[in-house]
Amino acid sequence: MTVLKRYVLRLFMSIKYITANVVDKNNGRVVTTASTVEHAVKNSLECGRTCNAKAAAILGEVLAMRLKVEGHQDGQGRGIHADVKKEIEKKGFKSRTKVWAVINSVRNNGVTLILDDFDVDENKYYRYRSDEGHQ
């Protein structure tokens, strides 16, 4: 049985900013977006010249709140799909803490998030490696 991935989480990162979009793949439109470029988010952060994992976590909370307001927190019963491995490979291995911060923040704020093509053992490795600097 093929799982239909209607809603997909996409992340865009630069040195200064992070943007998270939930895209409806059926019609190609962005359902919800959150970015550290926005004045409301930017003014509440202390990023300086770079955005860190703390800013990524706050961005995930903002995205989750916007999804709840629009009624998309469960992705119309199918969940919102995120390919963590692809996002980490695309952004570079150094950005893994930011990717995980957004993913975990969205998931912890009540959004049904489905991790695609992801191995549990790798999940432990990435979490272990990303928590090393925070102990």
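Every value quoted in this text rests on a predicted model; they were computed, and no experiment measured them. (Residues numbered from 1 in each chain as written. Predicted model: local features only at pLDDT ≥ 70, side-chain atom pairs only at ≥ 80, totals over all residues. Heavy atoms only, no water.)

Enquirer: It is not clear to me how the overall build of the protein should be interpreted in this structure. Could you clarify?
Expert: Per the secondary structure count, the protein includes five helices and five strands. Starting at the N terminus and ending at the C terminus, the protein contains elements arranged as β-β-β-α-α-β-α-α-β-α. Expressed as a percentage of the 135 residues in the protein, the buried residues total 41%. By sequence separation, contacts in the protein at least 24 residues apart represent 61% of the contacts at least 6 residues apart. (Helix = DSSP H or I, 4+ residues; strand = E, 2+ residues; numbered from the N terminus. Buried < 20%, exposed > 50% of the residue type's maximum accessible area, 1.4 Å probe, protein only. Contact = heavy atoms within 4.5 Å.)

Enquirer: Would you mind showing me how to read the pattern of salt bridges here?
Expert: Opposite charge on two side chains permits them to pair, given that their charged atoms come into close proximity. Enumeration over the complete set of coordinates arrives at three salt bridges. The closest approach of N and O atoms between Arg-6 and Asp-24, which form a salt bridge, is 3.0 Å. In this pair, Arg-6 sits in the segment before strand S1 (7–13) while Asp-24 sits in strand S2 (residues 18–24), placing the two residues 18 residues apart along the sequence. Pair check on accessibility: Arg-6 and Asp-24 agree, each one buried. In this structure, Arg-66 and Glu-38 form a salt bridge, with 2.7 Å as the shortest nitrogen-oxygen distance. Placement of Arg-66 in helix H2 (residues 53–70) and of Glu-38 in the loop between strand S3 (29–35) and helix H1 (39–44) is noted, with a sequence separation of 28 residues between them. Owing to a relative accessible area of 23%, Glu-38 belongs among the partly exposed residues under this scheme. (Salt bridge = Lys/Arg side-chain N within 4 Å of Asp/Glu carboxyl O.)

Enquirer: Is there a simple way to explain the pairing of S1 in this structure?
Expert: As a general feature of sheets, a regular strand has side chains that alternate between the two faces. As paired strands, S1 and S2 are joined by seven bridges and run antiparallel to one another. Across the sheet, residue Val-8 finds its bridge partner in S2, namely Val-23. Taking the residues that link successive antiparallel strands as the turn, the S1-S2 hairpin has four residues. Two elements, S1 and strand S4 (residues 80–82), share two bridges in a ladder whose sense is parallel. Looking at S4, one finds that Val-8 is bridged to His-81. (Pairing = 2+ DSSP bridges.)

Enquirer: Got a minute to help me understand H2 in this structure?
Expert: Working note: α-helix, 3.6 residues per turn, so residues spaced by three or four point in the same direction. The first and last C-alpha atoms of H2 sit 26 Å apart over 18 residues, in line with the 26 Å expected at 1.5 Å per residue. For H2, the set of buried residues is Ala-55, Ala-56, Leu-59, Gly-60, Val-62, Leu-63, Ala-64 and Leu-67. Residues of H2 that are buried in the fold lie against S1, S2, S3, H1, S4 and helix H4 (96–108). Of the residues that open H2, the one with a side-chain oxygen 3.3 Å from the backbone nitrogen of Lys-54 is Asn-52. Positioned one or two residues after H2, Gly-71 has a phi angle of 80°, which is positive. (Expected span 1.5 Å × (residues − 1). Polar contact = N/O pair within 3.5 Å; in protein donor to acceptor, adjacent residues only side chain to side chain.)

Enquirer: Where do I start with the packing of helix H3 (residues 84–91) against H4 in this structure?
Expert: The relative placement of two packed helices comes down to the angle between their axes together with the axis-to-axis distance. Their axes nearest at 9 Å, the elements H3 and H4 cross at an angle of 145°. Between H3 and H4 lies a crossing whose hand is right-handed. Listed contacts from H4 to Val-84, Glu-87, Ile-88 and Lys-91 of H3 are Arg-96, Val-99, Trp-100 and Ile-103. By residue class, the composition of the contact of H3 with H4 is five nonpolar, no polar and three charged. (Axes fitted to C-alpha atoms, helices over the stretch in contact; angles between N-to-C directions. Left-handed = near helix turned anticlockwise from the far one by under 90°. Nonpolar A, V, L, I, M, F, W, Y, C, P; charged D, E, K, R; others polar.)

So yeah, pure geometry; function would need other evidence.
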